[in-house]
Amino acid sequence: MRASYIGDYEEWRKGFNFSVPVTVRFSETDMFGHLNNTVNFTYFEHARIEYLKHLGLMENWLDEEEGAITVVADLQCDYLKQVFFDEQLDIHVKTARVGSTSLDIHYLATGRDGEPAFTGRGTIVQVGRKTGKPLPWSDKALDAIGAASALS
């Protein structure tokens with residue numbers, strides 16, 4: 001692996017315990033039938049949202065009265081092999097680091113053969129819905145994040 005956020009690949013890969021399946025749709029491909037290089041980020045978003053829901057961090061996210069939301073601070077993708085129309089992928093997600101107001105999240109997309117297709121990493125920050133300023137994670141959120149990380 002050439003990605004700077006991955007030390008020992010096999011050790012890094014073992015840390016994933018959550019994934020969502022996706023099938024590459026025709027509309028997500030270019031004229032050569034390859035997955036368009038922007039769609040990977042949509043897959044990351046889908047997997048990240050499902051992961052945050054799994055952790056219980058999005059229970060009230062759409063509630064206007066909810067004071068905190070998460071936003072993406074940065075996101076990166078490293079492409080390892082071509083992906084084509086109708087391929088089935090699993091997008092794996094894990095928390096790599098917990099900050100007082102942020103999470104570093106890592107992604108691994110694998111084909112049905114288990115081989116990596118692309119990897120990624122990104123940082124999300126919890127902010128006040130009205131202020132846009134970073135907000136610390138609650139104890140409940142930290143417990144949920146810690147429980148998920150302990151499974152790794």
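Per chain, residues are indexed from 1 in the order of the written sequence. Reporting in this predicted model follows two pLDDT cut-offs: at least 70 for local features of residues, and 80 or more for side-chain atom pairs to be given and counted; totals over whole chains, interfaces and linings ignore these cut-offs and use all residues. Side-chain figures throughout are based on the complete set of non-hydrogen atoms in the structure, without hydrogens or water.

Undergrad: Would you mind going over the nonpolar core with me for this structure?
TA: Generally speaking, a soluble globular protein has its nonpolar side chains buried in company with each other. We define a nonpolar core as any set of buried Ala, Val, Leu, Ile, Met, Phe, Trp, Tyr and Cys residues linked to one another through side-chain atoms lying within 4.5 Å. Burial classes: relative accessible area under 20% of the type maximum marks a residue as buried, over 50% as exposed, and values in between as partly exposed (1.4 Å probe, protein chains only). If you look at the biggest cluster of nonpolar residues, it comprises 28 residues, and the most contacted ones within it are Tyr 43, Leu 89, Ile 91 and Phe 118. Put simply, DSSP marks the helices as runs of H or I at least four residues long and the strands as runs of E at least two long, and each gets a number from the N terminus on. Elements with a minimum of two residues in this core: strand E1 (18-23), helix H2 (39-55), strand E3 (88-98), strand E4 (102-111), strand E5 (116-128) and helix H3 (139-150). Counting residues per element, this core draws most heavily on H2, at seven residues. Residues count as neighbours in contact if any of their non-hydrogen atoms are within 4.5 Å of one another. Sequence-distant contacts of Leu 89, that is, excluding residues within four places in its chain, are made with Val 20, Pro 21, Val 22, Val 24, Tyr 43, Val 83, Thr 110, Gly 111, Arg 112, Ala 117 and Phe 118. Within the second largest apolar cluster, seven residues are counted, among which are Ala 3, Ile 6, Trp 12 and Leu 108.

Undergrad: Looking at this structure, I do not really get the pairing of E5. What am I missing?
TA: Each regular strand carries side chains that alternate between the two faces of the sheet. The buried fraction of E5 amounts to 13 of the 13 residues, a majority that puts the element mostly inside the structure. Paired strands are those between which DSSP finds at least two bridges. Pairing analysis gives eleven bridges linking strand E2 (residues 68-79) to E5, with the strands arranged antiparallel. In the sheet register, Thr 70 faces E5, and the bridge partner there is Gln 126. With antiparallel pairing between neighbouring strands as the criterion, E4 and E5 make up a hairpin whose turn holds four residues, including Gly 114 at a positive phi of roughly 85°.

Undergrad: Sorry, what's going on with the pattern of salt bridges here?
TA: It is possible for side chains bearing opposite charge to pair when their charged atoms get close. The rule for a salt bridge is simple: a side-chain nitrogen of Lys or Arg has to be within 4 Å of a carboxyl oxygen of Asp or Glu. On inspection of all chains with the given rule, the structure shows seven salt bridges. For the salt bridge of Lys 14 with Glu 11, the shortest nitrogen-to-oxygen distance reads 4.0 Å. One end of the pair, Lys 14, and the other, Glu 11, are both in helix H1 (residues 9-14), three residues apart, so they sit about a helical turn from each other. Comparing Lys 14 with Glu 11 shows no difference in burial state: the two are exposed. A salt bridge links Glu 28 to Arg 25; the shortest N-O distance between them is 3.1 Å. Look at Glu 28 and you get buried, because its relative accessible area is 8%. Overall, Arg 25 belongs to the exposed group, its relative accessible area being 52%.

Undergrad: Looking at this model, I keep getting lost on the sheet that holds E4. Mind explaining?
TA: Within a beta sheet, neighbouring strands are joined by backbone hydrogen bonds and run either parallel or antiparallel to one another. Here we have five strands laid out as an open sheet, ordered E1-E3-E4-E5-E2, and antiparallel in their pairing. Because the sheet does not close on itself, it has two edges, and the strands there are E1 and E2. When the angles between neighbouring strand axes are averaged without regard to direction, this sheet yields 25°. Taken together, the nine bridges between E4 and E5 define a ladder with antiparallel strand orientation. Axis angles are defined between N-to-C directions and span 0 to 180 degrees, where every axis is a line fitted to C-alpha atoms and, for a helix, only to the segment in contact.

Undergrad: How do you make sense of the environment of Ala 96 when you look at a structure like this?
TA: Along the polypeptide, Ala 96 turns up in strand E3. Overall, the relative accessible area of 44% leaves Ala 96 in the partly exposed class. Separated by 25 residues in sequence, Ala 96 and Arg 121 have C-alpha atoms that sit 8.9 Å apart. Ignoring anything within four residues of it in the chain, the contact list for Ala 96 reads Asp 104, Ile 105 and His 106.

Undergrad: Hey, could you run me through H2 in this one?
TA: Owing to its 3.6 residues per turn, the α-helix brings residues three or four apart onto one side. Here the expected span of a helix is defined as 1.5 Å times the quantity of residues minus one. Its 17 residues place the ends of H2 24 Å apart at the C-alpha level, agreeing with the 24 Å of an ideal helix rising 1.5 Å per residue. Along H2, the residues that are buried comprise Val 39, Asn 40, Tyr 43, Phe 44, Ala 47, Arg 48, Tyr 51, Leu 52 and Leu 55. Positive backbone phi, approximately 85°, marks Gly 56, located one or two places after H2.

Undergrad: How should I be thinking about the packing of aromatic side chains in this particular structure?
TA: Ring pairs are drawn from Phe, Tyr and Trp, using the six-membered ring of Trp, whenever the two centres fall within 6.5 Å, and their geometry is named by plane angle: stacked under 30 degrees, edge-to-face over 60, tilted for the rest. Applying the stated rule across the entire model yields eight aromatic pairs. Taken together, a centroid distance of 6.4 Å and an interplanar angle of 55° make the contact between Tyr 5 and Trp 12 tilted. Taken as a pair, Tyr 5 and Trp 12 share a single burial class, namely buried. Pairwise contacts between aromatic rings join Tyr 5, Tyr 9, Trp 12 and Phe 16 into one cluster. Any Lys NZ or Arg CZ found within 6 Å of a ring centre and within 35 degrees of that ring's normal is scored as a charge over the ring. In this structure, Lys 94 is placed above the aromatic ring of Phe 16, and the distance from its NZ or CZ to the ring centre is 4.8 Å.

What is shown is where atoms sit, not what they do.
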